[in-house]
Each structure stands twice: as C-alpha cells, then as structure tokens.
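Survey of secondary and tertiary structure
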Amino acid sequence: MDYFCFTFIVLILSVLNRKKSEICMILMFSFSIANVKIGGCMIKVGILTISDKGSKGERTDGTCPAIKEILNKNIYSVEYYKIIPDEIEIIRKELIYICDELNLDLILTNGGTGFSKRDVTPEATMKVIEKQVPGITEAMRQMSLSITPMAMLSRAVAGIRKNTLIINLPGSPKGAVENLKFALPALPHGIEILKGTAGECAR
Amino acid sequence: MDYFCFTFIVLILSVLNRKKSEICMILMFSFSIANVKIGGCMIKVGILTISDKGSKGERTDGTCPAIKEILNKNIYSVEYYKIIPDEIEIIRKELIYICDELNLDLILTNGGTGFSKRDVTPEATMKVIEKQVPGITEAMRQMSLSITPMAMLSRAVAGIRKNTLIINLPGSPKGAVENLKFALPALPHGIEILKGTAGECAR
Amino acid sequence: MDYFCFTFIVLILSVLNRKKSEICMILMFSFSIANVKIGGCMIKVGILTISDKGSKGERTDGTCPAIKEILNKNIYSVEYYKIIPDEIEIIRKELIYICDELNLDLILTNGGTGFSKRDVTPEATMKVIEKQVPGITEAMRQMSLSITPMAMLSRAVAGIRKNTLIINLPGSPKGAVENLKFALPALPHGIEILKGTAGECAR
C-alpha cells in the first residue's frame, strides 16, 4: 500500500510541475515498481551458508553472493543470511527459526550435501520438513548430470515446512548457481500455491 | 478356465452350423479374448479422485474418465472408483480398503500431490505402503520435465502394499494422462511379478 | 610400503644384470603398480549376491563375475563375496558386518530390488544406512530408461553407513553391469571424500 501512496504523491507532484511526456515516464516507472510489490507478492528468501570453515571466518563465502546475483530482484527479496557450521542441531534450529519465526517463503541452503563425514545438511532438512518435494532435487541432479557425472553425488533434498519451501544447494558457487538455475522456472508458481496467493500476483 | 470352455462351446456350435471361413474368424476372435483372460490376468484397477471440491459435488471429475480412456480395455479392468476429500485419514483408510479388502492390483490416485496446504496424497500414501517404488514417479517427472518445468513440483510417490501397486497422479486431466502414459509400458510386467503370475499371462 | 620395497629390490637386481632399456621398462612398470597402491587408495569392494536360488546352490551366480569384470583392477579390489537368500534380517546383518567389521569402502549388492514378494534388498539397505544418496540410483534409473522402460521398476537405493557406500544393483548380469557402468565415473571421487583421502590418491 505504501508503494501506491508513494506513486500517488510522485504523480501529483509531477502533474503540478512537469511536461506531459515526463509525467508519462514517471507513471510507467512507478507502476512497474508498484506492480510486483502489491499484496506481498515478493518472494522472501533466506540464504543459509553451511560451512565449518566459513563459520569460523577461515573462508570467505562466495556462494551466497553468487546465489543473490541470479535471483531476479523484481521477484525475490533476500531478507536473511547467516553462515553456520556443519552441525545437525544448529542447522535444524536455524531452519525452524526461519520457517516459524521469520515466516520467509524460501530457504536456500548451500553446503553440506556431499559425502564428507561432516556433511549433514540433508539429514537436518529431513528432520524439519513436513512434506518432501523430491521433484526439485531430482530435476537439479538430472540436469546437472549433463554437465558432470559428479552431480549424482549430491545428496540434496527439498521440502515444505509450514509456509516455507526449503531447498538444499551444493556448496560451491558454480554448483549452487547451476542447480538453482534449473529450479528457478518452477519456484514462483510453487510458492504462490504454497502461500495461497496464486492468481493474486501479476507475473 | 471358463473362458476356454466358452470358446470351446462356441467353436463346436460353429463347426456344426457354419462355413469354413466363418469358423476361422470366430476361432481367431475367441482366442484373442481368451488370451488376456486366462488365469485372472486382467489388471484390476481402482481409481481414487482426491479433491475437496469434487467430493462436495462442486466440481465434475474430468480426470477419472480421462484416465479410463487411456487404459487398454484388454489389459485393465477398472473395478472401483471414488471421489474423496483431501483428508489424510480418509485417503489412508480408502487406500487400505482397496488393497486389503478389495485386493485390486493397481490404485491410481489423482489430485493432492502439489504445494497447497490441503495436498496430502503423498503423505497418506507413504503411511500405507510397505515398499517404495521411487523409479515410477522419477520417470514420470523426468519425462514431464520435457513438457513443463512445473513437473518438478509434483510430489507424487509410488509404492507397494501387499498385492497392490499404488501410484499418485496429478489432479488435472492433462497432467494425470501425461504422467500415466509414461508409466504404462512398465506396469503390466511389474504387476505380474507382484502377483506372481509372470509368464502365465500371454502379453 | 611393501610395494615400494619390492619395486626397489627389482630395480637393484635389474641394474646389476640388465641393459639400460630393460631397466627403464621395469622402472616404469613398477611405478605404475606402486602408484595406485600408495596410501591405501585402492577401493576395497564387497559384492553381495542376494538370491534365494543362488544361496541354495540351485542357480550359478553369473552376476558377481560380470560385476568384477567391469571393475578396473587398478582402482577396485574385490575383498569379499557372499551369496545370501532374500531374507531382510540376513541381508541387514551381512551389510552391517561388511561396513562395521570388514570396513570395506564399497558394497555392491545385486538382486532383490524388484516387485516380487521376496524382494527386500532396498528395505534391508534402508535399515542400515545413516545417509541416503538418492542421486546414484536416480542416475542409474534415468540412464537405464533409455534402454528399457522396465528400468523404472528397479527399487534400488544407495546410501552411506560409517565409511562404506552401499549401492543396490539389479539381479541380472546385464542389468547389474549396465547400472554400475552409469555410476562408475563418480564413485572414486565420492569414496575418496567419504574416506577423507581426497587429493591423496593420484588418479
């Protein structure tokens, strides 16, 4: 609503002071912003980087920035970000906090999906989800297999807790971005259905 | 066996009354029917439409007729059909009834496999199956992905309870038919193995 | 280490007795053997044939020899082999024995992954693994589907228990070999990560 107010004030000021063509441009720009914001239709995202080294400050997290860069800013708004170690209890509590307290729409974890002893992200995710969404990680692996046979080693899972979709991504910036790109075309529709806002958001 | 008897009687009557060419045609026709019926080899199917609106009579079920239409009548015999609401306990009890009481070979559910709060068909199915059959739903999603990226949002599962194979299909007629078509080539063989009749049925 | 000693002795003997070109050849050959053995980098494999008939001696096991034949002898060393019946408890105990007592790196089961009442290999495997590795069996089924639609009937699972990766393969020699071939390109890397020896083994 405040976007509408803002647009309105800008418009009135414009009409008082400017020429016809300028008003037109401002009008179009204001509407394009207002459009995606109406009705809370932005997808609120939490990014969780899961890395022992990252959480101790021994490695810079290059994966979160890489994920952010491919999320269309007109659709996705990253509202939470944290680096945590590969500890199943810490991951579990963090996921519950983002779902139940922050009530975000989408959690993208990265890291901890491989074969190392410390990799427990899928196990932590399975503990918190109420519904499994096997198709998203199947699709990510299926399409990644055309790039590298190592894709089959990703143990990533996806699922729903309350109003939140959780998706595990690989830890490397390249792997995370590749996998997320395969899932992106289906996410807005899925999340609208989950939130019960399908048809309300113009996209 | 009664089919064989029937075929035999028809044949004898034919020989007594008809010309050579007519006998030949009756012979071929009788054998083609007898062929698929010997030893109870028809696959007995239950179709379960899972829809809140459908169960209240607020929407006509277009998916069950669409499913029936692509089932080869020489192989599949639909012996049970019901519309039930998206209630996990109702779905669970209905699945157990069809498996344990009716002893059908195949249950095709449709609906309740998506992201909506009310969608609980996979969860109900997981509660009743004794063995998971991940390959069927993986294959359906894999092939559906070539049609639409939304395929990855289907949370459908498949599994075995006692003598019955249960497969979740999407709720829309188009989605259900598309997905079932991908699975059909493997079903008769799988169900024969499950029933222990493999090799007995000529197909 | 004993490989190094052996190589050294061979070398010294060679120097004492042979011509320059012969020494060179022996040197190269010795190093090529020593190379893959350094640091215990050979992948220790257990093969478990699961078959009621095989365990009673009513059928010769053709699948184990077929599996052995496609395992590169410079990478994989088959250190255990047994035929056991399709009994969930026997399979479970055998898997635990190979993982916990023998501490092998990879278990390849074959048989018991289908639709028959006696097929319980995936159920036994699920009972012992601590982490699921869905991508390996997804990839095997996905690629097998291009050969036969029956691929979707394989209920094979894969997972990790302690230091051991367990993979279910189909029971037929043809099916087992086909499926294993799809997985092989990713296995050495996955197992190195699991053992914590990544980067130590020259491959």
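This report concerns the structure included in the present document.

The rules behind each value
Residues numbered from 1 in each chain as written. Chains lettered and ligands numbered in written order. Predicted model: local features only at pLDDT ≥ 70, side-chain atom pairs only at ≥ 80, totals over all residues. Heavy atoms only, no water. Least-squares fit on C-alpha atoms with pLDDT ≥ 70 in both. Axes fitted to C-alpha atoms, helices over the stretch in contact; angles between N-to-C directions. Helix = DSSP H or I, 4+ residues; strand = E, 2+ residues; numbered from the N terminus. Left-handed = near helix turned anticlockwise from the far one by under 90°. Contact = heavy atoms within 4.5 Å. Nonpolar A, V, L, I, M, F, W, Y, C, P; charged D, E, K, R; others polar. Parallel < 35°, antiparallel > 145°, perpendicular 65-115°, else oblique. Salt bridge = Lys/Arg side-chain N within 4 Å of Asp/Glu carboxyl O. Pairing = 2+ DSSP bridges. Buried < 20%, exposed > 50% of the residue type's maximum accessible area, 1.4 Å probe, protein only.

For these two chains of identical sequence, chain B goes onto chain A by a turn of 120° and a shift of 0.0 Å along the axis, with RMSD 0.0 Å. The superposition operator between the copies reduces to a three-fold rotation axis.

A separate point is the packing of helix H7 (residues 134–144) of chain A against helix H7 (residues 134–144) of chain B. Relative to each other, H7 of chain A and H7 of chain B sit at 65°, their axes nearing to 10 Å. The crossing of H7 of chain A and H7 of chain B is right-handed. Of the residues in H7 of chain B, those in contact with Pro 134, Gly 135, Glu 138 and Gln 142 of chain A of H7 of chain A are Glu 138, Arg 141 and Gln 142 of chain B. Among the residues making up the contact of H7 of chain A with H7 of chain B, the classes are represented as 1 nonpolar, 3 polar and 3 charged.

This brings us to the packing of helix H5 (residues 88–102) of chain C against helix H6 (residues 121–128) of chain C. Residue and element names in this part refer to chain C. Close contact between H5 and H6 brings their axes to 9 Å; oriented N to C, the two are set at 45°. For the element pair H5 / H6, the angle class is oblique. Crossing handedness for the pair H5 and H6: right-handed. Facing Ile 88, Ile 91, Arg 92, Leu 95 and Ile 96 of H5, the residues of H6 in contact are Thr 121, Glu 123, Ala 124, Thr 125, Lys 127 and Val 128. The class makeup of the residues in the contact of H5 with H6 is 6 nonpolar, 2 polar and 3 charged.

This paragraph deals with the pattern of salt bridges. Oppositely charged side chains can pair when the atoms bearing their charge come close. Residue and element names in this part refer to chain A. Evaluated as defined, the whole model comprises 30 salt bridges over all chains. Measuring nitrogen to oxygen at the nearest pair gives 2.8 Å for the salt bridge that ties Arg 92 to Glu 89. Placement of the pair is Arg 92 and Glu 89 together in helix H5 (residues 88–101), with a separation of 3 residues, close to one helical turn. When the shortest N-O distance is used, the salt bridge between Glu 123 and Arg 155 registers 2.7 Å.

A word on the relation of the copies chain C and chain A. Taken as rigid bodies, chain C and chain A are interconverted by a rotation of 120° and an axial shift of 0.0 Å, the fit giving an RMSD of 0.0 Å. In this assembly the copies use different faces: only 9% of the residues contributing to the interface of chain C also contribute to that of chain A.

Residue and element names in this part refer to chain B. Pairing within the open sheet is mixed, and its 6 strands lie in the order E2-E1-E3-E6-E5-E4. Two strands close off the open sheet at either side, each with one partner strand: strand E2 (76–84) and strand E4 (131–132). Its contacts with the sheet put helix H6 (residues 121–128) on strand E1 (43–50), strand E3 (106–110), E4, strand E5 (158–161) and strand E6 (164–169), and the angle it makes with E6 is roughly 165°.

So, about helix H9 (residues 187–195) of chain A. Taken together, the buried positions of H9 of chain A are occupied by Leu 187, Pro 188, Gly 190, Ile 191, Glu 192 and Leu 194 of chain A. Backbone geometry just downstream of H9 of chain A places Gly 196 of chain A in the positive-phi region, at approximately 75°.

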